[in-house]
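Fold and contact review
Residue strings, one per chain:
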Amino acid sequence: MAGNRELWQDDIEMLSPLNRNPDVLGSFVVPKKITLVDATIREGEQGTAAGFTLEQKKEYIRKAAAAGVELIQLPLARDMDALKELTDLIREEKLPVKTEVLSMAPLFDRDAQHKSFDSLLDLGIDYIDVLSMLYKQALPMYQGAPPEMLYTDAAGQIEYIKSQGGHCSYDVLDTPRTGIAITLKAFRAAVDAGVDRLRVLDTNGTANPAAWRAIVRSVKEAFPEVPLSIHCHNDFGQAMANVF
């Protein structure tokens with residue numbers, strides 16, 4: 001209320017003083033460095049009701065770079081000409097962002113995988129994300145192939161990307177429904193193959209904060225030397241809580 005404005009010298013006085021209590025803050029573990037990964041134009045491309053034109057994608061990349069975003073997920077590699085225009089923009093305008101693209105390489109086809117990766121590396125993509133869907137609800141898509149076969153194939157993809165001088169992430173989609181045991185086995189195969197970064201994804205927003213904390217802690221304890229990325233969805237309204 002405007003009449004009571006003099007009671008508040010600053011907006012911070014509206015917040016709980018516990019937010020600034022050293023004892024409270026001391027129990028809150030914050031990484032020394034956090035990198036924001038902006039997936040807006042990639043997620044937008046996958047939507048059915050709305051999308052971005054190429055010029056809108058270019059302008060978004062400019063604005064995200066100006067805002068301090070360090071890593072941007074570019075659209076899926078369905079239109080290589082459009083993808084090239086975006087990487088050319090970043091290079092020509094010297095925008096301070098790195099790029100990553102989700103792999104669309106087919107499983108169990110090494111020739112097709114290598115061709116796909118070579119095309120992305122030729123564009124100067126900084127990170128290629130290799131993906132696995134290992135949870136039981138997804139396995140029928142692969143004619144019953146067991147998780148071990150799927151993450152072994154992913155490890156082969158990672159080895160090739162690294163052998164060509166590229167960098168890659170390994171993403172276990174729908175990590176909460178995959179289960180910690182299988183996730184750790186898949187991550188071990190990826191780490192042994194030389195992966196640069198691991199990512200856990202709550203692809204369908206099914207984990208509450210306690211479950212998400214258990215997953216993230218298990219991965220960090222098992223692979224403390226490997227950077228860890230997270231990706232949360234808000235299907236059940238828990239994404240923001242899980243991010244923190």
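A short tour of the structure in this document, coming up. (Residues numbered from 1 in each chain as written. Predicted model: local features only at pLDDT ≥ 70, side-chain atom pairs only at ≥ 80, totals over all residues. Heavy atoms only, no water.)

Turning our attention to helix α3 (residues 54-66). Between the first and last C-alpha of α3 there are 19 Å, a value that for 13 residues agrees with the 18 Å anticipated at 1.5 Å per step. If you check which residues of α3 are buried, you get Lys57, Lys58, Ile61, Ala64 and Ala65. The buried residues of α3 all sit within an arc of 130 degrees when viewed along its axis, so they share a single face. Opposite the buried face of α3, at more than 90 degrees from it, the exposed residues are Glu55, Lys63 and Ala66. Following α3 by one or two positions, Gly68 has its phi on the positive side, about 105 degrees. (Helix = DSSP H or I, 4+ residues; strand = E, 2+ residues; numbered from the N terminus. Expected span 1.5 Å × (residues − 1). Buried < 20%, exposed > 50% of the residue type's maximum accessible area, 1.4 Å probe, protein only. Arc of directions from axis to C-beta.)

Next up on the list: the nonpolar core. Formed by 57 residues in total, the largest nonpolar core has its most connected members in Ile61, Leu74, Tyr170 and Leu198. Here the element with the most residues in this core is helix α6 (residues 147-163); it accounts for seven residues. (Core = buried A, V, L, I, M, F, W, Y, C linked by side-chain atoms within 4.5 Å.)

A grouping of Ile230, Met240, Val243 and Phe244 is seen on the molecular surface, where their side chains present a nonpolar patch of about 430 Å² in accessible area. Taking relative accessible area as the criterion, Phe244 reaches 68% and is therefore assigned exposed. (Patch = residues over 30% accessible without salt bridge, like charges linked within 9 Å, V, L, I, M, F, W, Y side chains within 5 Å. Areas by Shrake-Rupley, 256 points an atom, 1.4 Å probe, with all protein chains shown as cover. Salt bridge = Lys/Arg side-chain N within 4 Å of Asp/Glu carboxyl O.)

Further remarks concern the packing of aromatic side chains. The geometry of an aromatic ring pair comes down to the distance between the two centres and the angle between the two planes. Under the counting rule described, the total for this entry stands at two aromatic pairs. An angle of 80 degrees between the planes, with centres 5.9 Å apart, marks the rings of Tyr170 and Phe187 as edge-to-face. Placement of Tyr170 in strand β5 (residues 167-173) and of Phe187 in helix α8 (residues 180-192) is noted, with a sequence separation of 17 residues between them. Residue class for Tyr170 comes out buried when judged on its relative accessible area of 0%. Both rings, one in Phe187 and one in Phe223, keep their centres 6.4 Å apart while their planes meet at 85 degrees; by these two values the pair is edge-to-face. Note that Phe187 is positioned in helix α8 and Phe223 in the loop between α9 (209-222) and β7 (228-232), a separation of 36 residues in sequence. Look at Phe187 and you get buried, because its relative accessible area is 0%. Members of the aromatic cluster, joined through ring pairs, are Tyr170, Phe187 and Phe223. Here Arg197 stacks its cationic end above the ring of Tyr127, 4.2 Å away from the centre of that ring. (Phe/Tyr/Trp six-rings, centres within 6.5 Å; stacked < 30°, edge-to-face > 60°. Lys NZ or Arg CZ within 6 Å of the ring centre and 35° of its normal.)

This part covers the pattern of salt bridges. What the rule picks out here adds up to 16 salt bridges. With a shortest N-O distance of 2.3 Å, Asp88 and Arg91 are connected by a salt bridge. Here Asp88 and its partner Arg91 are both found in helix α4 (residues 80-92), three residues apart, which amounts to about one turn of the helix. By relative accessible area, which is 14% here, Asp88 ends up buried. In this structure, Asp192 engages Arg188 in a salt bridge whose closest nitrogen and oxygen atoms are separated by 3.2 Å. Of the two residues, Asp192 and Arg188 are both situated in helix α8; the distance of four residues between them amounts to about one turn of the helix. Among the residues examined, Arg188 registers a relative accessible area of 36% and is labelled partly exposed. Salt bridges sharing partners connect three or more residues here, namely Glu100, Asp129, Asp171, Arg197 and Arg199.

In this section: the side chain of Asp202. In this fold, Asp202 is placed in strand β6 (residues 197-202). Of the side chains with opposite charge, Arg177 comes closest to the buried, unpaired Asp202, at an N-O distance of 7.1 Å. Apart from the residues within four sequence positions on either side, Asp202 is in contact with Pro176, Ala207, Trp212, His231, Cys232, His233 and Asn242. (Lys, Arg positive; Asp, Glu negative; His and termini not counted. Contact = heavy atoms within 4.5 Å.)

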